[in-house]
There are 2 protein chains.
Amino acid sequence: MDCTKCGNPKIIIKKEQSGQYLCKDCFIDSIEKKVIKTVRKEKLLDKGDKVLVALSGGKDSVTALEILNTFRQMNVIDICAVTVDEGIDNYRQDGIDIAIRHAKRLGIEHKVVSLKDTYGITLDEIMQKENHRGSCSYCGVFRRTLINKAAREMGATKIATGHNLDDEVQAIMMNYLEGNTNNLTKLGAKTESEAEEFTVKIKPLREIPEREIGLYVVAKELEVHFAGCPYAQQSFRKEVSEHINQLDEAHPTIKYSTLRGYDKIKKALKDEFKNDYAHGRCEKCGEPSSNRLCKACSFIEELTGD
Amino acid sequence: MDCTKCGNPKIIIKKEQSGQYLCKDCFIDSIEKKVIKTVRKEKLLDKGDKVLVALSGGKDSVTALEILNTFRQMNVIDICAVTVDEGIDNYRQDGIDIAIRHAKRLGIEHKVVSLKDTYGITLDEIMQKENHRGSCSYCGVFRRTLINKAAREMGATKIATGHNLDDEVQAIMMNYLEGNTNNLTKLGAKTESEAEEFTVKIKPLREIPEREIGLYVVAKELEVHFAGCPYAQQSFRKEVSEHINQLDEAHPTIKYSTLRGYDKIKKALKDEFKNDYAHGRCEKCGEPSSNRLCKACSFIEELTGD
C-alpha cells in the first residue's frame, strides 16, 4: 500500500479508525493538524495566553510542547514549562535532563520544582514511612499543587498537560464504573476550575491515541524519557485500560465514540450539578482549599507531623 | 460458615458485594425485599395499576411475575401477562407452555400474541429472506410493538419486563462506549415514553444480578425455560458483558456503582436534552411513530413488499 495522502510507498502506519495508510511526513502532519483542530474546536487557547507546559520529559508532554510551540512561532501565545522533581532515585533525573534540553532547544523559560524543596520530603522518603497511602495518591496531589503554584509564579494563563486519548478515555470509563459523577464534571478538554486561583488546564492531545504519540516522537526524532515509574502499580486504571484496548481491537473507533458521548454527558452534568465549592484557603500554604488544609498540606501533616 | 442472618448452617450463596452468607430462605427473602425496595424507591407502581408482565417463560420474566404477584396479593395492583410467539421452531413453544402454566397457577389473565398472526410472517421465515438484517433487529422491534399493543388492548397501565442488573449495566456501558446519549436518556428503572400511547415500562429486577435470579428460580423451584435462543449471536452486548464480568470479579460492587452513576447521569441528560419527538402515527397500523411508518411496519414493507 502507498500513502493514502501523497502516494509515497514508505508507509509507517495504518490508521485503524479511518483505514488510511500514511507515510512519515503525512503522519506527522496528520497529528499536528488534529491537535490544532482540537485547540480550535475546544477554544483551548486565547491570543496572548502564556501557556505553562507540565513537562515531565515523557512522550506525551514533549509532544504537547512541540505542537503548542507552533502556536508560539505564529506569535499567538507564549510558552513556558515546569518539571516536577518528585524525588525518585534512578528515574526522575533522566526526565529532568531531557526536559531541560527541550526547553533550551526551543528557547523557553523552564523551571524545575521539587517536593524536597517545597515540603522537605521526597517521594522515596514518603515510601519509607510505615503509614503511607501508596505512591500515586501523593504524587498526584503534590504534582498538581506544585504545577498550580508554578503557573501563578510564572504568570501563566493556562496549564497544558500531555493527556492523550487513552488517558482521557480511561479516566472517563473509571468514573463511569465507579459512578463518580463529581469527577465526571472535571474531565474534558478544558478544566475550568471552581476557584479562580487555579489556572485553567487544557489537554491539547486528548484526541490522539497513545500509540500514535509514541510513533510521532519516533518519527520526529524527539528525545523522550521512555522509562516507566518504578512505583507504578497494577492499578484499576491499568485494568480498565486493558479492557478498553481489547474492545478497541474489534471496534477501532470506540475510544472516539466514548469521548464524544462523554463530552455531551459532561455538558449535561455541569448544568445539573452546579459547583458550589467553598472558595477558602489553606491555613498553612494559602493555596485555594475548601478545608482548613489543602490536600498537600494535610498529607504533609499526616506524614511528618508538621 | 453459617447464614449471616439466621445462623442456619446450610448456605446456598456467598454474596460477594456484601460478604454475606445466606441460607435458602434468607436468600429468597433478600431477593424479594430488594425488588420491593426498588419498586418503592423508584415509584414503579401506583395503587390500582394493572401491570402487564412481558412473560417469555425465562428465569427473569418468571421472577418478575412471581415477585410482582406479592403486590397483587396485597391488592395493590392487578396483573396480566403477555407472551410473544416470534415463530422460532423447536424453541419458543416450550417457553409459551411454561408461561401458560404460570399464568394458570397464579390465576391471571394471559395472552399469547404472534408475529405470524399480526404480520403474516414468522422470525424463522424472515431469516430465510436474503435481505434480512439479523434476527435481533427484527425480534426487538416486533416484540416491543406487540407488547405495546397488548398493553393497550388489555387495559394495562404499566408494562413490567424482567431486565436484571447485568442487562441494565450492559446496556448502559454499550451506550457509553458508543457515545449514544439519546439511548442513555431511555434506560433506567422506569421508561416514561415520549408518546402517551406507549405504556410506561418498569424494570423491577434491575438491581438483582443475573446469577442471583438463576439461583432464585432454583431455590423457589419455579419452572423456567432455560434454553438459549438459536439465533443468539456473538454480539457487542456479549463482548461488553464479558468485560464487565471480568471487572466484577475483582470489584464485586462495580455493577451497582455503574448503575448509581448512570441514574444521576440520566437525570442530567433528560433535563439537558428535552425530547421533542414528533408524536405522529404510523400510516399503516396507527401505532405511535415519528415517521410515516412505524419501525415494525417499515420492516414488513422491506421484507414482504406489503
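Residues numbered from 1 in each chain as written. Chains lettered and ligands numbered in written order. Predicted model: local features only at pLDDT ≥ 70, side-chain atom pairs only at ≥ 80, totals over all residues. Heavy atoms only, no water.

Turning our attention to the relation of the copies chain A and chain B. The two copies are related by a screw motion: chain A maps onto chain B through a turn of 180 degrees and a shift of 0.0 Å along the axis, at an RMSD of 0.0 Å. Both copies are brought into coincidence by an operation consistent with a two-fold rotation axis. Considering only C-alpha atoms, the part of chain A nearest the rotation axis is alanine 268 of chain A, at 2.6 Å. Most of the interface of chain A is mirrored in chain B: 100% of its interface residues are interface residues there too. (Least-squares fit on C-alpha atoms with pLDDT ≥ 70 in both. Contact = heavy atoms within 4.5 Å.)

Turning our eyes to something else, we now look at the UniProt feature "binding site: Zn(2+) 1" (unreviewed entry) in chain A. Residue and element names in this part refer to chain A. If you check UniProt for "binding site: Zn(2+) 1" (unreviewed entry), the listed places come out as Cys3, Cys6, Cys23 and Cys26 in our numbering. Across 24 residues of sequence, these annotated residues stay compact in space, with a maximum C-alpha separation of 8.1 Å. Its place among the elements puts cysteine 6 in the segment before β1 (11-14). Not counting the four nearest positions on each side in its chain, cysteine 6 is found in contact with Cys23 and Cys26. Structurally, cysteine 26 can be placed in helix α1 (residues 24-41). (UniProt positions renumbered as here; feature names shortened; annotations may be inferred. Helix = DSSP H or I, 4+ residues; strand = E, 2+ residues; numbered from the N terminus.)

Further remarks concern the packing of helix α7 (residues 165-178) of chain B against helix α10 (residues 236-250) of chain B. Packed helix pairs are characterised by how far apart their axes lie and by the angle those axes make with each other. Residue and element names in this part refer to chain B. Following both chains from N to C, one finds α7 and α10 inclined at 105 degrees, their axes separated by 9 Å at the closest point. The orientation of α7 relative to α10 falls into the category roughly perpendicular. Of the residues in α10, those touching α7 at Asp166, Asp167, Val169, Gln170, Ala171, Met173, Met174, Leu177 and Glu178 are Phe236, Arg237, Val240, Ser241, Ile244 and Asn245. Among the residues making up the contact of α7 with α10, the classes are represented as eight nonpolar, three polar and four charged. (Axes fitted to C-alpha atoms, helices over the stretch in contact; angles between N-to-C directions. Parallel < 35°, antiparallel > 145°, perpendicular 65-115°, else oblique. Nonpolar A, V, L, I, M, F, W, Y, C, P; charged D, E, K, R; others polar.)

Bringing the packing of helix α6 (residues 135-153) of chain B against helix α12 (residues 295-304) of chain B into the picture now. Residue and element names in this part refer to chain B. At a closest axis distance of 9 Å, the pairing of α6 and α12 adopts a crossing angle of 130 degrees. Relative to α12, the element α6 is oriented oblique. The way α6 lies across α12 gives a crossing that is left-handed. Of α12, the residues touching α6 (which contributes Ser137, Tyr138, Val141, Phe142 and Thr145) are Lys295, Ala296, Phe299, Ile300, Glu302 and Leu303. Partitioning the contact of α6 with α12 into residue classes produces seven nonpolar, two polar and two charged. (Left-handed = near helix turned anticlockwise from the far one by under 90°.)

With that settled, the discussion passes to the pattern of salt bridges. For the structure shown, the criterion picks out 54 salt bridges over all chains. Linking glutamate 302 of chain A and arginine 133 of chain A is a salt bridge whose minimum nitrogen-to-oxygen distance equals 2.5 Å. Of the two residues, glutamate 302 of chain A sits in helix α12 (residues 295-304) while arginine 133 of chain A sits in the loop between α5 (123-128) and α6 (135-153), which places them 169 residues apart along the sequence. Overall, arginine 133 of chain A belongs to the partly exposed group, its relative accessible area being 48%. The partner of lysine 33 of chain B in a salt bridge is aspartate 29 of chain B, with the nearest N and O atoms 3.0 Å apart. A residue pair is termed a helical-turn pair when its members lie 3 or 4 positions apart in one helix, as lysine 33 of chain B and aspartate 29 of chain B do in helix α1 (residues 24-41) at four residues. (Salt bridge = Lys/Arg side-chain N within 4 Å of Asp/Glu carboxyl O. Buried < 20%, exposed > 50% of the residue type's maximum accessible area, 1.4 Å probe, protein only.)

All names here are of chain A. In this structure's numbering, the residues bearing the UniProt feature "binding site: Zn(2+) 2" (unreviewed entry) are Cys282, Cys285, Cys294 and Cys297. A stretch of 16 residues holds the annotated residues, and the largest C-alpha distance among them is 8.0 Å, short enough that they meet in one place. Tracing the chain through its elements places cysteine 282 in the loop between α11 (254-272) and α12. Dropping the residues within four chain positions of it, cysteine 282 is found in contact with Glu287, Ser289, Arg292, Leu293, Cys294 and Cys297. Along the polypeptide, cysteine 294 turns up in the loop between α11 and α12. The buried category is assigned to cysteine 294, whose relative accessible area is 6%. When neighbours within four sequence positions are excluded, cysteine 294 is seen to be in contact with Cys282, Cys285, Pro288 and Ser289.

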